[in-house]
Amino acid sequence: MTEVKVKKESTDPVDIENRIKELCQQFPQGITDQVIQNDMPHVEAQQRATAINRLLSVGQLDLLRNSNGLLYRLKDLQSASKVKGSDNQEKLVYQIIEDAGNKGIWSRDIRYKSNLPLTEINKILKNLESKKLIKAVKSVAASKKKVYMLYNLQPDRSVTGGAWYSDQDFESEFVEVLNQQCFKFLQSKAEAARDSKQSPMVQRNSSFATSHEVWKYICELGISKVDLSMEDIETILNTLIFDGKVEMTIIAAKEGTVGSVDGQMKLYRGVNPIIQPTGLVKTPCGLCPVFDDCHEGGEISPSNCVYMVEWLDF
Amino acid sequence: MTTQEVRLCGLLLQEHFGDVVEKVGTHLIRCGVLTLRALAHETKLALDLVKKSLCVLMQHGMCTFGAGRRGPAGPVEYRISCERILHMLRYPRYIYTAKSLYGDTGELIVEEILQRGQMTMSCTVKTVADRLTHNMPEGQSMDYSEVVSSFSQLVETHFLQRCPPVASTGSSNTGAVDTPPPAVAQPSEPESHPDCYRVPYINLTGQGKRRRSSEDGEADQRAAKKAKIDNSECGDEGIFWQVNFERFHLHFRDQAIISAVSCKLDQTSGEIVRTMLRMSEVTTQANAAFTQALSANEIFRALPSNYNIARPILDQYLTLLVDDPMEFVGKTGDSGGGMYVVNLHRALANLARATLESVVQERFGSRSARIFRLLLRKRHLEQKQVEDFAMIPAKEAKDMLYTLLSENLVQLQEIPKTPDHAPSRTFYLYTVNQLPTARLLLQHCYKCFDIYLFVDTIQTIGNLIERRLYETKENKQVPPFSTIQNISSKRLLEKSQRIEAILASLQATGAETAQLTEVEEMITAPERQQLESLRHHINKLDSSENQVDETIFLLESYINSTEASR
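These numbers come from a predicted model, not from an experiment. (Residues numbered from 1 in each chain as written. Chains lettered and ligands numbered in written order. Predicted model: local features only at pLDDT ≥ 70, side-chain atom pairs only at ≥ 80, totals over all residues. Heavy atoms only, no water.)

Let's talk about the sheet that holds strand S9 (residues 339-342) of chain B
Residue and element names in this part refer to chain B. Spatial strand order, S7-S9-S8: three strands in an open sheet with antiparallel pairing. Each edge of the sheet is formed by a strand with only one pairing partner; in this case those strands are strand S7 (294-295) and strand S8 (329-333). The pairing of S7 with S9 spans two bridges and is classified as antiparallel. Of the residues in S9, the one forming a bridge with leucine 294 is tyrosine 340. Strands S8 and S9 of the sheet are contacted by helix H15 (residues 311-323), whose axis makes an angle of about 110° with S8. (Pairing = 2+ DSSP bridges. Helix = DSSP H or I, 4+ residues; strand = E, 2+ residues; numbered from the N terminus. Contact = heavy atoms within 4.5 Å. Axes fitted to C-alpha atoms, helices over the stretch in contact; angles between N-to-C directions.)

A word on the UniProt feature "domain: DNA-directed RNA polymerase III subunit RPC3 winged-helix" (unreviewed entry) in chain B
UniProt annotation of "domain: DNA-directed RNA polymerase III subunit RPC3 winged-helix" (unreviewed entry) refers to residues 356-432 of chain B when read in the numbering used here. Split by type, residues 356-432 of chain B is 56% helix and 18% strand. Its first and last C-alpha atoms lie 11 Å apart. (UniProt positions renumbered as here; feature names shortened; annotations may be inferred.)

A closer look at the nonpolar core
Counting 115 residues, the largest nonpolar core has A:Met308, B:Leu54, B:Ile85, B:Val110, B:Ile371 and B:Leu375 as the members making the most contacts within it. Counting 32 residues, the second largest nonpolar core, distinct from the first, contains B:Ile299, B:Leu321, B:Tyr340 and B:Ala347. (Core = buried A, V, L, I, M, F, W, Y, C linked by side-chain atoms within 4.5 Å. Buried < 20%, exposed > 50% of the residue type's maximum accessible area, 1.4 Å probe, protein only.)

Notes on the domain arrangement of chain B
All names here are of chain B. Domain annotation for chain B reports domain 1 (3-80), domain 2 (87-168 + 180-210 + 235-243), domain 3 (250-342), domain 4 (359-446) and domain 5 (461-565). If you look at the interface, domain 4 gives eight residues, while domain 5 gives nine residues. Across the domain 4 to domain 5 interface the summed buried area is about 790 Å²; carbon plus sulfur atoms make up 76%. On the domain 4 side of the contact with domain 5, Leu435, Leu442 and Cys445 bury the most area, a combined 52% of that side's loss. Applying the counting rule to domain 4 against domain 5 returns one salt bridge. The shortest N-O distance in the salt bridge between arginine 439 and glutamate 563 comes to 2.6 Å. The interface formed by domain 4 and domain 5 includes two residue pairs in polar contact (both at pLDDT 80 or more). (Domains from an automatic or database assignment. Buried area = accessible area lost by both parts, 1.4 Å probe. Salt bridge = Lys/Arg side-chain N within 4 Å of Asp/Glu carboxyl O. Polar contact = N/O pair within 3.5 Å; in protein donor to acceptor, adjacent residues only side chain to side chain.)

Some remarks on helix H8 (residues 118-130) of chain A
Residues and elements named next belong to chain A. If you check H8, its first and last C-alpha atoms are 18 Å apart, about what 13 residues at 1.5 Å a residue would give, namely 18 Å. Those residues of H8 that sit buried are Ile121, Ile124, Leu125 and Leu128. The arc that holds every buried residue of H8, seen down its axis, measures 100°, which confines them to one face. Of the exposed residues in H8, the ones pointing more than 90 degrees away from its buried face are Thr119, Lys123, Lys126 and Ser130. Along its buried surface, H8 packs onto helix H6 (88-100), helix H7 (107-114), strand S5 (134-138) and strand S6 (146-150). Of the residues trailing H8, lysine 132 is marked for its positive phi of about 60°. (Expected span 1.5 Å × (residues − 1). Arc of directions from axis to C-beta.)

Some points on the domain arrangement of chain A
Many descriptions give the size of an interface as the accessible area lost when the pieces come together. Split by domain assignment, chain A resolves into domain 1 (13-75), domain 2 (82-161), domain 3 (172-270) and domain 4 (280-313). The distance between the C-alpha centroids of domain 1 of chain A and domain 2 of chain A comes to 27 Å.

A few points about helix H19 (residues 394-406) of chain B
Since the α-helix turns once every 3.6 residues, residues separated by three or four places project in the same direction. Residues and elements named next belong to chain B. The terminal C-alpha atoms of H19, which comprises 13 residues, lie 18 Å apart, in line with the 18 Å expected from a rise of 1.5 Å per residue. Those residues of H19 that sit buried are Ala397, Met400, Leu401 and Leu404. Each buried residue of H19 lies within a common arc of 100° when the element is viewed along its axis, so the set occupies one face. Residues of H19 that are exposed and angled more than 90 degrees away from the buried face: Lys395, Asp399 and Ser406. Buried-residue contacts for H19 involve helix H16 (344-364), helix H17 (366-378), helix H18 (383-390) and strand S12 (426-431). Asparagine 408 occupies a position one or two residues after H19 and carries a positive phi of about 65°.

As for the side chain of A:Thr278
Checked against the element boundaries, A:Thr278 lands in the loop between strand S11 (264-270) and helix H14 (279-282). A residue is classified by how much of its surface remains accessible, and A:Thr278, at 5% relative accessible area, is buried. A distance of 2.8 Å separates a polar atom in the side chain of A:Thr278 from a polar atom in the side chain of B:Thr551. Sequence-distant contacts of A:Thr278, defined by excluding residues within four places in its chain, comprise B:Thr355, B:Ser358, B:Val359 and B:Thr551.

As for the side chain of A:Glu90
All names here are of chain A. Structurally, glutamate 90 is set in helix H6. A residue is classified by how much of its surface remains accessible, and glutamate 90, at 8% relative accessible area, is buried. In this structure the side chain of glutamate 90 is engaged in a polar contact, spanning 3.0 Å, whose partner is the side chain of lysine 131. Glutamate 90 has contacts with Ile124, Asn127, Leu128 and Lys131, leaving out every residue within four places of it along the chain.

Have a look at this one:
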């Protein structure tokens, strides 16, 4: 801060520009006009404005807007150099795309932000794509919707859908296979525990598996082409819970224990259902697709039911 | 009362008591409370027929009467208990339970009493002993005292109870007839009577008599007269017994809980829960949410000795039961080595939930069941969240959700952000309400049962009205239940029964084999085949009825328990 307080007497435009750049380097998140004013109280507003405008026009400074006014920020040289040789419109579009980060941005949103006509934007986008500065990624949320992001970025999970998508198609077979494998693992563990003939408490405790163990098992199986994280496996294990085949308990674990997250460890175990299929669905009418339309005297009725006859003679 | 229940009640009444009673009963169900005169007028039946029908219903405890709206001086009004009529669909199960608990004697006792509604002890004992003797080989007979002891056992375990004396019924009803529904008043009434489970002393000695099938009706009449004379000597006139359905239902409920625990954990846990339930059988109120608290010490002492569970192991099992997410067993304190209760209502709710899940699973597949369970667990979810949690592709998930929604198994809750309910500014949350869904499924079950009963009836007696319906609709395909079969199946059954009776009597008199085969050949080969298939059909239908009843029972108990705890 002491440096900031040092007052420079010079009013040379180049000095002012350099001073602004220095300030920007000090505050990488950006500076407001107020900061510059405090730093150089002697410089007239007119001079300050010309200096800033020059910096903006040569692309060394970024103008951003946040909740409390305008912000100036130094543009990193790399990106400045990338868009070298392109016109202002291209730079603008590039900036917008850059700001969108790895979530990407839709071309219509670019239009709203840049106020450029769509045809123009399409031309620029094509141009940037051919220069390999940006890329188009198809979003899983809407298959027709292309979003643009910088070429070197890894698309966000919300765009690609994470490990469960390949080319924005949900890999339901892959999920099913993982689901079955996880269940197999837990079930074999539960069976081994049951056969161990130990005291019931020990039996129960040894039937539990942490999510880390399941993750390791799946990784070692090598059924997955992509790298699965432990969260991915937990999502799969959750589907098993919703299938009613698995139960989960959370226990406190010492920090640093393998497989613990925030001092918690998730334990899973395979369980048996509490009832066999209920009586209703063991009988033909319980499963009948036209059950609701079946009335005596109606087009579909118990007395002329073809299913019933076949079932009775079966 | 839903239409489905009324229909089913009608069919049940028709099957057990015939058309007239069915007409009176259904009318009474539809109208609620009626006087005798109104009933006769509206059903357009003769007054004495209505009277007799009411008597039949009253005998079986399905109908109650009391002073009408105009006070004790006004005409007596009748009301019918639908619930009690629906118990008829469970008769096979009651009888089977009695058989598995108390053997053939118990089976016959319950069967007789169910068939006649109410009976005196001496009468029951005699009938049962006679029937047992009849089925025994020549020269042996059943002793009355054995039947008496079985009867006493059934009473001690509250499976049978005394009918409330008529006079007190009248007086207790006069004050309360308007407010409480009879279904609730009915079971509490016999229990309030102090002698409800007291077996009277009867002086009945002797053995069952063999009824000769060759003896004609006159002999039967004589026997009946004699029975009447016998009755006066037994010393229990006026004390009638009825089946305590409530007690049977508690038994079924306990069995369901035990089997659920055994399935979920293991056999031993099931046995421990069985012991707990048995210990609190008589002390726990019928609709209590928990059993009486039992200490681990008590449970340990009460465990069957052949089970060999050491004390520390028992403690471990109890801890496991308490830890289980199903919460069948709860812990209420630490005294006496830990006080434990069985969470009856919770267990029923869990069983009902499992039933719903199983219905969804079987009807719509395991992925729909996954969505259904997901919604049960997470209460309210948006469509996108359902897709993400269940890991089902959006298209399929949407399809499944909409199917479930259209079947009313899943509900949709709209939460608008703005008062105009614009779809773009509204949250659409899917949810499952267990109680209404259970009610819905119960109606499904009734309908199913209804269909099976109906088809059963068509199969056995052949429904002429239906047949006429087919004939007018010529353009339809050939009627599946071929008309020829319909007409003859009733006759065929009668014929086969007749022949069987003849065969039995011939065998009893020691006829020659040639004679026997000759009689047997009175049923031709095609007839025999038809008979065979008919039996096959009826067996199938009956077993389906029983399976559906299993679901009905669970859902009913759940609904009742939830309503009771509110």
